[in-house]
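Structure assessment
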Amino acid sequence: MDLRIVEPDESIDFRMNKRLLNRYRFIEHEMVRTLAGWLPAVAHMETKLDMGRLLWEDAQHVQQLYLRLREVQNPSFRLPDDPALERLMREALHAPGAEDLLAGLFRVIKPALVVAYEWHCEQTFANPDAPTRYYLQHILLDERAQLAWAETALASHPPGDWEAYIAALLAAAGGVTGLEARAPAPDAPACRRTFEAPREAARDARFSLDMSTVARPAADDRAGQRLDEFRNYAQEVLAAETCALVLYLTPDMPWEFTYDLARHCYDETRHCRFGIEWLARHGLDYTTFPQNTRIYAWRSQYDPVTQYALLTMGNEAHVFGYRQQRQREYEALGDRLSEQFVTYDMADERQHVSFGRRWLPELLRRSGDPRPLDMFIADAMALWEREYVSGALPIHA
Ligand SMILES: [Fe+2]
Ligand SMILES: [Fe+2]
């Protein structure tokens, strides 16, 4: 029998597939880090809260690409081996402002990713590479929704030099796939601002930052206690900001840590929304309550391991007695809304404490701090008692 050679129409073969998946993984991963780095510095509250979700969604994309990559290459995480693409993602961080940053990510890089993912799904061998197509098609659901989000969020932001620069960097990398004709590398525009990890948390002009105006309700003022609890939830973005900073400051930690921390960050933006929603359902506008930015400024002066210990072993591990008591009280009151929010919160917080237990040993080992784990945590808890529980929140020179 003389069988003819059949030339397949599919243009993506196994080798090219791996190369492309490495590029996608790298871009999505850098998106997570870039959004996290910026989150505390973004002033507009709703945008900041959305960024927690966006970076968690991008972490899901990295995770799915990782699940596929580990089936086709070892080690599964590799740089894209393309200096122009690395430059694009490195430069995207140094935007002159929050809206420029988001425009670069969501109006230039993400739309190109969507086109690449759609093309990839058509051009890879459908059945042999079915797992890749499954992941990309699911990732595309998020990506298209993110593009729609950006269209609204950035509606009043005109394209400018920064966005043009990001587009030129992408063109110099041959696009997301690297397969397009490469344009010459652009020079950075004058508006470029070297990014530094924010040690101050930004809030927009609607919010007062003066916590001295907040009166603590008396112990027997049950309505006041309920309001106080949910007014505090509406400030939990301050925990998301610490998670985001720790994520940004720990690029060399294993991927699984970044993945957990992205969830932790997202959860705290959700908890903040518990407060916003609870207040709204009670006819109250959360922007009329002050926001605490001092806690972030205080915590961010410490190294990332200490910050993570203060948050997970201090604030989070100590919250359960209080929350369980509130939960019982809401049940007794027949306040199902409050009881449900607190119950969901505690499910998340249990997870956050377990993240702390899981990752503090590794963070400490990599930090070069010679203290044994027990001693390190005991010292961090003494610091937490002295500086946080006391209410002093000193900023050291
Ligand atoms: Fe929380
Ligand atoms: Fe938490």
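Residues numbered from 1 in each chain as written. Chains lettered and ligands numbered in written order. Predicted model: local features only at pLDDT ≥ 70, side-chain atom pairs only at ≥ 80, totals over all residues.

**Quick notes on the overall build of the protein**
When you go through the protein residue by residue, the secondary structure sums to 14 helices and 0 strands. Each helix (α) and strand (β) of the protein, taken in turn from the N terminus, gives the series α-α-α-α-α-α-α-α-α-α-α-α-α-α. Against the globule reference of 21 Å for 397 residues, the protein gives a C-alpha radius of gyration of 23 Å, in line with a compact fold. In terms of its C-alpha atoms, the protein occupies a principal-axis envelope of roughly 90 × 50 × 50 Å. Buried residues in the protein amount to 41% of all 397 residues. Expressed as a percentage of contacts within the protein between residues at least 6 apart in sequence, the contacts between residues at least 24 apart total 79%. (Helix = DSSP H or I, 4+ residues; strand = E, 2+ residues; numbered from the N terminus. Rg over C-alpha atoms; globule rule 2.2 N^0.38 Å. Buried ≥ 20, exposed ≤ 12 C-beta atoms within 10 Å, placed from the backbone. Contact = placed C-beta atoms within 7 Å.)

**Digging into helix α13 (residues 336-367)**
With 32 residues, α13 ought to run about 46 Å at 1.5 Å a step, and its terminal C-alpha atoms sit 45 Å apart, in line with that. Its axis deflected by about 40° at W359, α13 carries its strongest bend there, up to four residues before the proline P361. Turning to α13, its buried residues are S338, F341, V342, D345, E349, H352, F355, G356, W359, L363 and L364. Where α13 is buried, its residues contact α7 (222-233), α9 (255-281), α11 (304-316), α12 (320-333) and α14 (373-389). A positive backbone phi angle near 85° is found at G368, which sits one or two residues after α13. (Expected span 1.5 Å × (residues − 1). Bend = angle between axes of the 7 residues up to and from the residue.)

**Structural notes on unusual backbone geometry**
Glycine aside, a negative phi is what most residues show, and trans is what most peptide bonds show. Note that the residue after N74, namely P75, is joined by a cis bond; omega there is 0°. Here P75 is to be found in the loop between α2 (45-72) and α3 (83-91). Positive phi values are uncommon outside glycine, yet D81 reaches one of about 60°. Note on placement: D81 falls in the loop between α2 and α3. Taking the C-beta count within 10 Å as the criterion, D81 has 12 such neighbours and is therefore assigned exposed. Located in the positive-phi region is L393, a residue other than glycine, with phi close to 45°. Relative to the assigned elements, L393 resides in the segment after α14.

**What about helix α5 (residues 130-153)?**
With 24 residues, α5 should cover 34 Å at 1.5 Å per step; its first-to-last C-alpha distance of 35 Å lies within 8% of that length. For α5, the complete set of buried residues consists of T132, Y135, L136, I139, E143, Q146, A150 and A153. Turning to α5, the residues buried within the fold contact α1 (14-38), α2 and α4 (98-123).

**So, the nonpolar core**
Core analysis: the biggest nonpolar cluster contains 96 residues, and L35, A36, L55, A244, L247, A262 and C265 have the highest contact counts within it. For this core, the two domains that each supply at least three residues are domain 1 (14-172) and domain 2 (219-389). When neighbours within four sequence positions are excluded, C265 is seen to be in contact with A36, G52, L55, W56, A240, C243, A244 and L247. (Core = buried A, V, L, I, M, F, W, Y, C linked by C-beta atoms within 7 Å. Domains from an automatic or database assignment.)

**A word on the domain arrangement of the protein**
Looking at the protein, the domain boundaries give domain 1 (14-172) and domain 2 (219-389). The C-alpha centroid of domain 2 is placed 28 Å from the C-alpha centroid of domain 1. Contact with domain 1, which involves 16 residues of that partner, is made by 19 residues of domain 2. Of all the secondary-structure elements, those providing two or more residues to the side of domain 1 that touches domain 2 are α1 and α2. The greatest single-element share of the side of domain 1 that touches domain 2, amounting to 9 residues, is contributed by α2. Across the side of domain 1 that touches domain 2, the residue classes tally to 10 nonpolar, 3 polar and 3 charged. (Nonpolar A, V, L, I, M, F, W, Y, C, P; charged D, E, K, R; others polar.)

**Some thoughts on the packing of α2 against α5**
Interhelical geometry of α2 versus α5 gives an angle of 165° and a closest axis separation of 10 Å. Comparing the axis directions of α2 and α5 gives the class roughly antiparallel. Handedness of the crossing formed by α2 with α5: left-handed. Touching T47, D50, L54, E57, H61, Q64, L65 and R68 of α2 are P131, T132, Y135, H138, I139, D142, Q146, W149 and A153, all from α5. Its residues placed into classes, the contact of α2 with α5 shows 7 nonpolar, 6 polar and 4 charged. (Axes fitted to C-alpha atoms, helices over the stretch in contact; angles between N-to-C directions. Parallel < 35°, antiparallel > 145°, perpendicular 65-115°, else oblique. Left-handed = near helix turned anticlockwise from the far one by under 90°.)

**Some points on the packing of α1 against α2**
Where α1 contacts α2, the two axes come as close as 9 Å, and the packing angle between them is 155°. In terms of orientation, α1 lies roughly antiparallel with respect to α2. As α1 packs across α2, the resulting crossing turns out to be left-handed. Where α1 abuts α2, its residues K18, L21, Y24, R25, E28, H29, M31, V32, L35 and A36 lie against M51, L54, L55, D58, A59, H61, V62, L65, Y66, R68, L69 and V72.

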